[in-house]
Amino acid sequence: MNGPDVTVVVAVYNTMPYLTACLDSLIGQSIGRDRLEVVAVDDGSTDGSGAELDRYAERYPGTVRVLHQANSGGPAAPSNLALDHARGRYVFFIGSDDHLGPEALERLVDAADRWDSDVVLGRMVGTNKRYVHQAVYATTRERLDLFDSDLPWSLSNTKLFRRDLIERHGLRFRTDMRMGSDQPFTLEACFRAKKVSVLGDYEFYYAVKRDNAQNITYASRFEERLRCAEELVGFVAGLIEPGPRRDAVLVRHFTWEVAKLLRAEFLALAPDVQRHVHDRIRKLAEAYLTDGVTARMAPEERLRVAVARDGDLDALCALIGQQSDRSLPEVVVDGDRWYADHVGFRDPAFGYPDDWYDVTERAAAILAKLTATGLAWGRDAAGARALVVTARSRRAELAELSAEALRVSVGDLTGVTSAESSGSGTVVRTDFAVDRLLAVVAGTGERRIVRAEVSALGGTGSAPLRTDRPVAAPRLVARRGVRWHLVTPTTNHKGQVIVAITPVTPGRFLARLRRIWPSGGK
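Heads up: these notes are all about the structure in this document.

### Concerning the overall build of the protein chain
Okay, step 1: When helices and strands are tallied, the protein chain shows 17 helices and 23 strands.
Okay, step 2: The dimensions of the protein chain, computed from C-alpha atoms along their principal axes, are 90 × 70 × 45 Å.
Okay, step 3: Residues classed as buried in the protein chain amount to 50% of the 522 residues present.
Okay, step 4: Partitioning the contacts of the protein chain with sequence separation of at least 6, the portion at a separation of at least 24 is 71%.
Okay, step 5: Here the protein chain has roughly 24,500 Å² of accessible surface; of this, 49% comes from carbon and sulfur atoms.
Okay, step 6: For the protein chain, the separation between the mean place of its 70 positive charges and that of its 69 negative charges on side chains is 8 Å.

### Section: the pairing of strand β14 (residues 385-393)
Okay, step 1: Bridge count for strand β13 (residues 371-379) against β14 is 8 bridges, and the pairing is antiparallel. By the bridge assignment for β14, A372 is matched with A391.
Okay, step 2: As consecutive antiparallel partners, β13 and β14 are separated by 5 residues, and within that stretch G383 has a phi angle of approximately 85°, a positive value.

### Observations regarding the pattern of salt bridges
Okay, step 1: Per the counting criterion, the structure on display carries 38 salt bridges.
Okay, step 2: R89 is the salt-bridge partner of D113, the closest N and O atoms lying 3.0 Å from each other. Here the residue D113 occupies a position in helix α4 (residues 104-115), and R89 occupies one in the loop between α3 (76-85) and β4 (90-95), the gap between them amounting to 24 residues.
Okay, step 3: For D113, a relative accessible area of 36% gives the class partly exposed.
Okay, step 4: The class of R89 is partly exposed, set by a relative accessible area of 37%.
Okay, step 5: With a closest N to O distance of 3.1 Å, R221 and E224 form a salt bridge.
Okay, step 6: A network of salt bridges, in which partner residues are shared, links D5, R35, R89 and D113.

### Some points on the sheet that holds strand β3 (residues 64-69)
Okay, step 1: On the basis of which strands lie adjacent, the open sheet formed by 7 strands has the order β3-β2-β1-β4-β8-β6-β9 and mixed pairing. On the outer flanks of this sheet lie β3 and β9 (196-199), each paired with one strand and no other. Sheet twist, expressed as the mean angle between neighbouring strand axes with direction ignored, is 20°.
Okay, step 2: Here strand β1 (residues 6-12) runs beside β4; their pairing, made up of 6 bridges, is parallel. Opposite V6, over in β4, you have Y90 as the bridge partner.
Okay, step 3: Docked against the sheet, helix α1 (residues 18-27) engages β1, β2 (36-43), β3 and β4, running at close to 175° with respect to β1.
Okay, step 4: Sheet strands in contact with helix α2 (residues 49-59) are β1, β2 and β3, and its direction is about 150° off that of β3.

### A look at a positive patch on the surface
Okay, step 1: On the surface, a cluster of positive charge is made up of K129, R362, K369, R451, R466 and K494.
Okay, step 2: Position of R466 among the secondary structure elements: in the loop between β20 (459-464) and β21 (476-480).

### Looking at the nonpolar core
Across soluble globular proteins, you tend to see nonpolar side chains buried next to one another.
Okay, step 1: Core analysis: the biggest nonpolar cluster contains 112 residues, and F92 and F254 have the highest contact counts within it.
Okay, step 2: Beyond its immediate sequence surroundings of up to four residues, F254 is in contact with V233, A259, L284, A285, Y288, L289, V293, M297 and V305.
Okay, step 3: Residues W338, V454, L476 and V487 belong to the second largest nonpolar core, which totals 39 residues.

### Re the sheet that holds β13
Okay, step 1: A sheet is described by the order of its strands in space; here 4 strands give the open sequence β13-β14-β18-β17, paired in antiparallel fashion. On the outer flanks of this sheet lie β13 and β17 (416-422), each paired with one strand and no other. Between one strand and the next, the sheet's axes are offset by a mean angle of 20°, whatever the strand orientation.

### Topic: helix α14 (residues 313-324)
Okay, step 1: The end-to-end C-alpha distance of α14 is 16 Å, a good match for the 16 Å that 12 residues give at a rise of 1.5 Å each.
Okay, step 2: L313, A315, L316, C317, L319, I320 and Q323 are the residues of α14 that are buried.
Okay, step 3: N-capping of α14 is provided by D312, with a side-chain oxygen placed 3.3 Å from the backbone N of D314.

### Concerning the packing of aromatic side chains
Okay, step 1: For the structure shown, the criterion picks out 14 aromatic pairs.
Okay, step 2: Geometrically, the ring pair formed by F93 and F161 is edge-to-face, given 5.8 Å between the ring centres and 70° between the ring planes. Of this pair, F93 sits in strand β4 while F161 sits in strand β8 (residues 160-162), placing them 68 residues apart in sequence. Like F161, F93 is buried.
Okay, step 3: Among the aromatic side chains, those forming a connected cluster through ring pairs are F93, F161, F173 and F185.
Okay, step 4: Positioned over the ring face of Y202 is R107, at 4.1 Å from the centre of the ring.
Okay, step 5: Above the face of the W256 ring, K260 is positioned so that its terminal group lies 3.3 Å from the ring centre.

### Quick word on the side chain of T7
Okay, step 1: Within the secondary structure layout, T7 lies in strand β1.
Okay, step 2: Looking at T7, its side chain comes within polar contact range of the main-chain nitrogen of R87, at 3.4 Å.

### Looking at the pairing of β17
Okay, step 1: Looking at chain direction, β17 and strand β18 (residues 425-433) are connected through 7 bridges and run antiparallel. Directly across from E420, in β18, lies its bridge partner V427.
Okay, step 2: Linkage of β17 to β18, two consecutive antiparallel strands, is achieved through a turn of 2 residues, within which G423 is found at a positive phi near 65°.

### As for the state of the cysteines
Okay, step 1: Using the criterion set out here, one finds 0 disulfides in the structure.
Okay, step 2: This cysteine, C190, is not joined by any disulfide, and C228 carries the nearest cysteine sulfur, 17 Å off.

Thresholds applied
Residues numbered from 1 in each chain as written. Predicted model: local features only at pLDDT ≥ 70, side-chain atom pairs only at ≥ 80, totals over all residues. Heavy atoms only, no water. Helix = DSSP H or I, 4+ residues; strand = E, 2+ residues; numbered from the N terminus. Buried < 20%, exposed > 50% of the residue type's maximum accessible area, 1.4 Å probe, protein only. Contact = heavy atoms within 4.5 Å. Areas by Shrake-Rupley, 256 points an atom, 1.4 Å probe, with all protein chains shown as cover. Lys, Arg positive; Asp, Glu negative; His and termini not counted. Charge placed at Lys NZ, Arg CZ, Asp CG, Glu CD. Pairing = 2+ DSSP bridges. Salt bridge = Lys/Arg side-chain N within 4 Å of Asp/Glu carboxyl O. Axes fitted to C-alpha atoms, helices over the stretch in contact; angles between N-to-C directions. Patch = residues over 30% accessible without salt bridge, like charges linked within 9 Å, V, L, I, M, F, W, Y side chains within 5 Å. Core = buried A, V, L, I, M, F, W, Y, C linked by side-chain atoms within 4.5 Å. Expected span 1.5 Å × (residues − 1). Polar contact = N/O pair within 3.5 Å; in protein donor to acceptor, adjacent residues only side chain to side chain. Phe/Tyr/Trp six-rings, centres within 6.5 Å; stacked < 30°, edge-to-face > 60°. Lys NZ or Arg CZ within 6 Å of the ring centre and 35° of its normal. Disulfide = S-S within 2.5 Å.

Next comes the structure, spelled out in structure tokens:
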């Protein structure tokens, strides 16, 4: 009797109740249970996951096999054990808190057979706000080049692998890595494969972020993340010869694993821990951060890793603080170019090119970030009742823009805006006529965010008006036609300026009277 077409490997540790949805999605696959086997390894679960696996094995004895072992501390050991028992022509790995689309395995196996592919990716999507990099799934492609595609950004093991490839090269998961152990496995499989393919025309895999955020990626500690980064970079260096091909893979690891260690959370570490982390990242960057890698990196991540390599701890902390600051960055304007005045800019000690600091494309977005200073009722130029919104900007350049280049809006309504220089910055005033405000609001009422939009230096940027202190105007009752509305300018919990407009109905009017004059009051 021939073995199954595909073995699905499920490493399980305390994933109830998500495990049930995972198993149901496997049992219900359109490929059919006669072509499928599920090898699940319970890695010492304590939440009933082991019993749930046994229940499915009892119900589907020809399809589901379950192995139990003491907890190993990560998904690598149970995945390796499952591989030792796999019988399918292909192997597919799934997280025990994730699930598949109904036709996922059938489509993947058909594509692998049709194209004679060793590895096939199926489009993954995140659920419950879990992030999944989507670029590699943009189109269906029979052949995907590891070194000339977005494949290095999608190195999870949640793919279809030809089992002969795995066994021929002795591929197994790194048991010494608590997190990220699937990446060396996947990278080497793609490196050794004669063909890697991708299917982007179907939602194959649903990656779930648990409500308690206990997926191992989210729960891992800083030291584990640092060690993971070191191991991944070292593995790539040992697998791929120096040059453009290695750089094409390392750009992912320096951007995703290394640079992410150098964000605001780094500043919260104890000074001795900061020095220790900085020393390790500097050694990593000195060894492998080539010009080919930096040329491919996004500006902010490139600068952080480069300063970690070339600067001292004080310089690194200063840069992280500058990049983490949500307020407007200090800029140097040189002709028609804008540069962030961050650590290393035009500093001969670093020698970085100006274009590493170029934020000209973001200039419009920078100019659009206004701080609201007041909300009040007044009169516009025509004498009509109006909501007056005042704001300030540290950018004197804002006052030099044309009237058409600066717009402040509430929903679809653009107000009448003026900007004047004030000291080293700009004061912005916008009038919204009340009758026009009411005209653009739906009959049921709604809340509208006040936004600024700027067109400058060939780009357009927009941002909600924010406050650094609560601002509000008194509620106003205004009529449009035969209907009355309550207009409330205020700020929301995010510090954004909003205008709430609510129809005044008889029920709301009576409820308000009851609050003012409660029953039995005098």
